[in-house]
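Commentary on secondary and tertiary structure
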Amino acid sequence: MNRLARTTAPALAAVLALTSCSASEDASGTVLTFSNSYTEDHPHTRCGIDLVAERVAEADAGLTVDTFPNSQLGSNTETFASVMSGDIDMDVQGSAALGSAHSPIGVFDAAYAFDDVDHMFAYFDSEAAEALKEGFAEATGARILDVWYFGERHFTANQPIRTPGDLGGLRMRFPDSPIYLANAEALGATPTTVAFEEVYMALQQGTVDGQENPIATVAADNFDEVQSHLSLSRHQIGSQMIVVSGAAWDGLTAEQQEVLQEAVGSVREENRSCIEETEREALAEWESAGTLEVVDDVDVEAFREQARAYFAQNLEGEELELYQGFQDAR
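Here the structure is a predicted model, which means the values were calculated and not measured. (Residues numbered from 1 in each chain as written. Predicted model: local features only at pLDDT ≥ 70, side-chain atom pairs only at ≥ 80, totals over all residues. Heavy atoms only, no water.)

1. Topic: the overall build of the protein
What counts is decided by this rule: A run of H or I in DSSP counts as a helix once it spans at least four residues, and a run of E counts as a strand once it spans at least two, with each numbered from the N terminus. Here the term buried applies to any residue with accessible area under 20% of the maximum for its type, exposed to any over 50%, and partly exposed to those in between, with areas from a 1.4 Å probe on protein chains only. Every residue pair with non-hydrogen atoms within 4.5 Å of one another is taken to be in contact. Exposure was quantified through the Shrake-Rupley algorithm and a 1.4 Å probe, taking into account, for residues, occlusion by the shown protein chains and nothing else. Counting rule for charge: Lys and Arg are taken as positive, Asp and Glu as negative, and neither His nor the chain ends is counted. A charged residue contributes its charge at one atom only: NZ of Lys, CZ of Arg, CG of Asp or CD of Glu.
The helix and strand inventory of the protein stands at 14 helices and ten strands. Viewed in the frame of its principal axes, the protein has a C-alpha envelope of about 60 × 45 × 35 Å. For the protein, the proportion of its 330 residues judged to be buried stands at 55%. Relative to all contacts within the protein whose residues are 6 or more apart in sequence, the contacts with residues 24 or more apart total 76%. A total of about 13,400 Å² of accessible surface is found on the protein, and carbon and sulfur atoms cover 47% of it. The protein carries 17 positive and 57 negative side-chain charges, and their two centres are separated by 3 Å.

Next up, the structure:
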């Protein structure tokens, strides 16, 4: 699939400077395209992807990373397929989205798989995770460079959600992936699948009653304008995998591979800090302005017990082993 066919007007001039090949060459050396679906002020963009591009440039290894935020190279559901085909070189994707190509990786996004972000990072860095990464590379031809924290996912709606029973009768937007739909069932929700780019309009028009996302995403995409309550369910420790196509990776020199890997890895903690600072600022702003009521007395334990019991009964094989392995990695 030609990347130009999927590119919107703002990115067209930039993409025209690239050849049709992955890891293209220009006068300065090798150029990698790095796609994402986030706004330019989202922490993953300004405190993640932009920093990766800067650090790669500073290394002066004949490697450049060109970044394309705001779904310029395709929607969030399309871009990883373009990474696998080699039309896009790099992408940042939630584990659930990657699970469509290799289902075990999606279990990272199962509800209450991890207790907190340190738990999630510890597992990703463990020896036990190596087989998962290798299996992903074999299945997709793409390489996972690192994992970034996306934030704890919570519910928004026009009413408080304190217990699983409060989800009854609400049409809650969930991403259209097997693990997210399983999360909805595990948590007691009735899911409605809506593309990420259409969530604001769906909430505004009442096509859905609520949605679930991290605070930074709620703030960046102005969901507070069309929802009245944020319920701190903490039902998922969001993880975002930084992936590179196998063709692009293999086309780099050993020095360039080291530079890229180091740039992506070095950003992990700064990106986390940026996410957490954005969360604090958004909560303070909503409290001060009274635009979004924060519900902090959610019965998290009730949600956790229900979700873990569900997955113990409904996951099987490698996916069940992974979910149980996450708990063992505390």
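Continuing now.
2. Here we look at the packing of aromatic side chains
What counts is decided by this rule: For this analysis, a ring pair means two rings from Phe, Tyr or Trp (six-membered ring only for Trp) whose centres lie within 6.5 Å, classed as stacked if their planes differ by under 30 degrees, edge-to-face if by over 60, and tilted for the remaining angles. By the criterion adopted, a ring carries a charge over it if an Arg CZ or a Lys NZ lies within 6 Å of its centre and within 35 degrees of its normal.
All told, the structure shown has eleven aromatic pairs when counted by the stated rule. Ring geometry for F108 against F124: centres 6.5 Å apart, planes inclined by 75°, an arrangement best described as edge-to-face. Pair noted here: F108 is in the loop between helix 4 (95-98) and helix 5 (117-124) and F124 is in helix 5, with a separation of 16 residues, a long-range link. Among the residues examined, F108 registers a relative accessible area of 1% and is labelled buried. Geometrically, the ring pair formed by F114 and F326 is tilted, given 4.4 Å between the ring centres and 35° between the ring planes. Taken as a pair, F114 in the loop between helix 4 and helix 5 and F326 in helix 14 (residues 317-328) lie far apart in primary sequence, 212 residues in all. Judged by its relative accessible area of 4%, F114 is buried. Among the aromatic residues, those joined into a ring-pair cluster are F108, F114, Y123, F124 and F326. Taking the ring centre of F124 as reference, the NZ or CZ of K133 above it sits at 3.9 Å.

3. Focus: the state of the cysteines
Definition in use: What counts as a disulfide here is a pair of cysteine sulfur atoms lying within 2.5 Å.
By the definition in use, this model includes one disulfide. Covalent S-S linkage joins C47 and C274, the inter-sulfur distance amounting to 2.1 Å. Of the two residues, C47 sits in helix 2 (residues 43-59) while C274 sits in helix 12 (residues 268-289), which places them 227 residues apart along the sequence. Here C47 matches C274 in class, with each residue buried.

4. Quick look at a negative patch on the surface
Heads up, the condition is: A patch is a set of surface residues, each over 30% in relative accessible area and not in a salt bridge, joined within 9 Å for like charges and within 5 Å for the nonpolar side chains Val, Leu, Ile, Met, Phe, Trp and Tyr. One speaks of a salt bridge when a side-chain nitrogen belonging to Lys or Arg is within 4 Å of a carboxyl oxygen belonging to Asp or Glu.
On the surface, D60, E255, E258 and E262 cluster together into a negatively charged patch. Relative to the assigned elements, E258 resides in helix 11 (residues 254-266). For E258, a relative accessible area of 58% puts it in the exposed group.

5. Concerning the pairing of strand 5 (residues 142-157)
As a reminder of what qualifies: Think of it this way: DSSP has to see at least two bridges between two strands before they count as a pair.
Most of strand 5 is tucked away, with 14 of its 16 residues classed as buried. Taken together, the 13 bridges between strand 5 and strand 9 (residues 229-245) define a ladder with antiparallel strand orientation. Across the sheet, residue T156 finds its bridge partner in strand 9, namely L230. Where strand 5 lies against strand 8 (residues 210-214), five bridges are found, and the strand directions are antiparallel. Each bridged residue has a counterpart across the sheet, and for F155 the counterpart in strand 8 is E212.

6. Overview of helix 12
Which entries qualify depends on this criterion: Here, expected helix span is obtained from the residue count minus one, scaled by 1.5 Å. The directions from the helix axis to the C-beta atoms are what the arc is built from.
If you check helix 12, its first and last C-alpha atoms are 32 Å apart, about what 22 residues at 1.5 Å a residue would give, namely 32 Å. Among all positions of helix 12, only R268, N271, R272, C274, I275, T278, E279, A282 and W286 are buried. Down the axis of helix 12, the buried set is contained in an arc of 160°. They therefore lie on one face. In helix 12, the exposed residues that point more than 90 degrees away from the buried face are E287 and S288.

7. So, the nonpolar core
Rules: To define a nonpolar core, start from buried Ala, Val, Leu, Ile, Met, Phe, Trp, Tyr and Cys residues and group those joined through side-chain atoms within 4.5 Å.
Counting residues in hydrophobic clusters, the biggest one holds 58 residues, and the most contacted among them are F108, M241 and F311. The contacts of F108, once residues within four sequence positions are left out, are S95, A113, F114, M120, Y123, F124, L132, I237, S239, M241 and F326. Of all hydrophobic cores here, the second largest spans 26 residues; its members include V56, A61, V92 and V264.

8. Points about the confidence of the model for the protein
When pLDDT is low, close inspection of the predicted coordinates is not appropriate. Here is the rule we go by: A residue's pLDDT is the confidence the predictor assigns to it, expressed on a 0 to 100 scale.
In the predicted model, the protein carries a mean pLDDT of 90, and the fraction of residues at 70 or more is 92%. Here residues 1-21 is a poorly scored stretch, pLDDT under 50, and it has 38 contacts once near neighbours within four places are set aside; other chains count.

9. A few points about unusual backbone geometry
One non-glycine residue with positive phi stands out, namely N70, at about 60°. With respect to the secondary-structure elements, N70 resides in the loop between strand 3 (63-68) and helix 3 (79-85). A relative accessible area of 40% means that N70 is categorised as partly exposed. Despite not being glycine, Y112 has its phi angle at roughly 55°, a positive value. Within the element layout of this structure, Y112 appears in the loop between helix 4 and helix 5.

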